[in-house]
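These are the residues of each chain, in order.
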Amino acid sequence: MAFTLPPLPYAHDALEPVISKETMSYHYDKHHQTYVDNLNKAVAAAGVEGQSFDELFSKISTLPAAVRNNAGGVWNHTFFWEGFAPQGQGGEPSAELAAAIDADLGGMDAFKEAFVNAGLGRFGSGWSWLIVQDGKLKVVSTPNQDNPLMDIAEEKGAPLLVADVWEHAYYLQYQNRRADFLKDFWSIVNWNKVSELYAAAKA
Ligand code: MN
């Protein structure tokens, strides 16, 4: 069964002003769709059609770069969109998650600083992640379309939240100001979703 573009969990303009309707139409309708189309070609060429993301990621080091780049491209973007809610609708971290942010990351301010710095420190294109690794929260970044579920990841874990720091994620609105995008990012985070993922990862 071929991969398809998952529906956006909200309208194209739902994340304004942080992610404009125009940015969304390029990022979701064009970029994300292209990763889906190219993933279907790549898995066919590699003879690994019909496999799940988990299956592909667990052996991604043995597969062609086109599978790695496009499988990551599809999964990472789907996860990125799921991590957001319209401003004012994302709730707050659960008590359990807030306690872990304090204990493992030195508090919410220190966490946000580490997450933003992971994105700013990623030269070129990549992603900034909050993950659960060995039962603890950790902030990591990956290059290109890699993610912490891949066997080649330097830092592996269960993703809770991600920021896309490819220029296409913010350039129409923020141009070269990646830091401003990452500062505004927090106002659309879906903490209800992040909290659910944290509870699942700890279970
Ligand atoms: Mn992107």
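Above this text sits the structure in question.
These remarks concern the structure in this document. (Residues numbered from 1 in each chain as written. Predicted model: local features only at pLDDT ≥ 70, side-chain atom pairs only at ≥ 80, totals over all residues. Heavy atoms only, no water.)

## Topic: the overall build of the protein
Of the regular secondary structure elements, the protein holds eight helices and three strands. Written out in order from the N terminus, the α and β elements of the protein read α-α-α-α-α-β-β-β-α-α-α. For 203 residues, the compact-globule estimate of 2.2 N^0.38 gives 17 Å, and the protein sits close to it at 16 Å. Once the C-alpha set of the protein is aligned to its principal axes, its extents read approximately 45 × 40 × 30 Å. Counting only contacts in the protein whose residues sit at least 6 apart along the sequence, the fraction spanning at least 24 positions is 69%. Charge centroids of the protein, computed over 15 positive and 25 negative side chains, lie 3 Å from each other. (Helix = DSSP H or I, 4+ residues; strand = E, 2+ residues; numbered from the N terminus. Rg over C-alpha atoms; globule rule 2.2 N^0.38 Å. Contact = heavy atoms within 4.5 Å. Lys, Arg positive; Asp, Glu negative; His and termini not counted. Charge placed at Lys NZ, Arg CZ, Asp CG, Glu CD.)

## Re helix H8 (residues 191-202)
The first and last C-alpha atoms of H8 sit 16 Å apart over twelve residues, in line with the 16 Å expected at 1.5 Å per residue. Every buried residue of H8 is accounted for by Trp191, Val194, Ser195 and Tyr198. Buried residues along H8 cover an arc of 100 degrees about the axis, so they all sit on one side. For H8, the exposed residues lying more than 90 degrees away from the buried face are Glu196 and Ala200. Buried residues belonging to H8 abut helix H4 (95-105), helix H5 (108-120), strand S1 (126-133), strand S2 (136-143) and strand S3 (158-164). (Expected span 1.5 Å × (residues − 1). Buried < 20%, exposed > 50% of the residue type's maximum accessible area, 1.4 Å probe, protein only. Arc of directions from axis to C-beta.)

## So, the coordination of the manganese ion
Note on the manganese ion: its protein donors are His27 (NE2), His77 (NE2), Asp164 (OD) and His168 (NE2). The metal-donor distances range over 2.0 to 2.2 Å. In the primary structure, the donors to the manganese ion are separated according to the pattern H-x49-H-x86-D-x3-H. Of this pair, His27 sits in helix H1 (residues 21-46) while His77 sits in helix H3 (residues 65-82), and the two are 50 residues apart along the sequence. By relative accessible area, His77 is classed as buried at 0%. (Donors = N, O, S within 2.8 Å, 3.2 Å for Na, K, Ca; no water.)

## As for the packing of H1 against H3
Look at H1 against H3: their axes get within 8 Å of each other, and the N-to-C directions meet at 145 degrees. Both H1 and H3 take part in a crossing whose hand is left-handed. The segment H1 lies against H3, with Met24, His27, Tyr28, His32, Tyr35, Val36, Asn38, Leu39, Ala42, Val43 and Ala46 engaging Ala66, Val67, Asn69, Asn70, Ala71, Gly73, Val74, His77, Thr78, Phe80 and Trp81. Partitioned by chemical class, the residues of the contact of H1 with H3 number 14 nonpolar, eight polar and no charged. (Axes fitted to C-alpha atoms, helices over the stretch in contact; angles between N-to-C directions. Left-handed = near helix turned anticlockwise from the far one by under 90°. Nonpolar A, V, L, I, M, F, W, Y, C, P; charged D, E, K, R; others polar.)

## What to know about H4
For H4, the set of buried residues is Leu97, Ala100, Ile101 and Leu105. Each buried residue of H4 lies within a common arc of 105 degrees when the element is viewed along its axis, so the set occupies one face. Summarising the geometry of H4, the exposed residues directed more than 90 degrees from the buried face are Ala95 and Ala103. Along its buried surface, H4 packs onto H5, S1, S2 and H8. Taken from the residues just after H4, Gly106 is the one with a positive phi, measuring 80 degrees.

## Re the sheet that holds S1
Judged by pairing direction, the sheet is antiparallel, and its three strands sit side by side in the order S2-S1-S3 without closing on themselves. Because the sheet does not close on itself, it has two edges, and the strands there are S2 and S3. Sheet twist, expressed as the mean angle between neighbouring strand axes with direction ignored, is 20 degrees. Bridging between S1 and S3 involves six bridges; their strand directions are antiparallel. Considered in S3, the bridge of Leu130 is made with Leu161. Packing of H8 onto the sheet brings it into contact with S1, S2 and S3, and relative to S3 it is tilted by some 150 degrees. (Pairing = 2+ DSSP bridges.)

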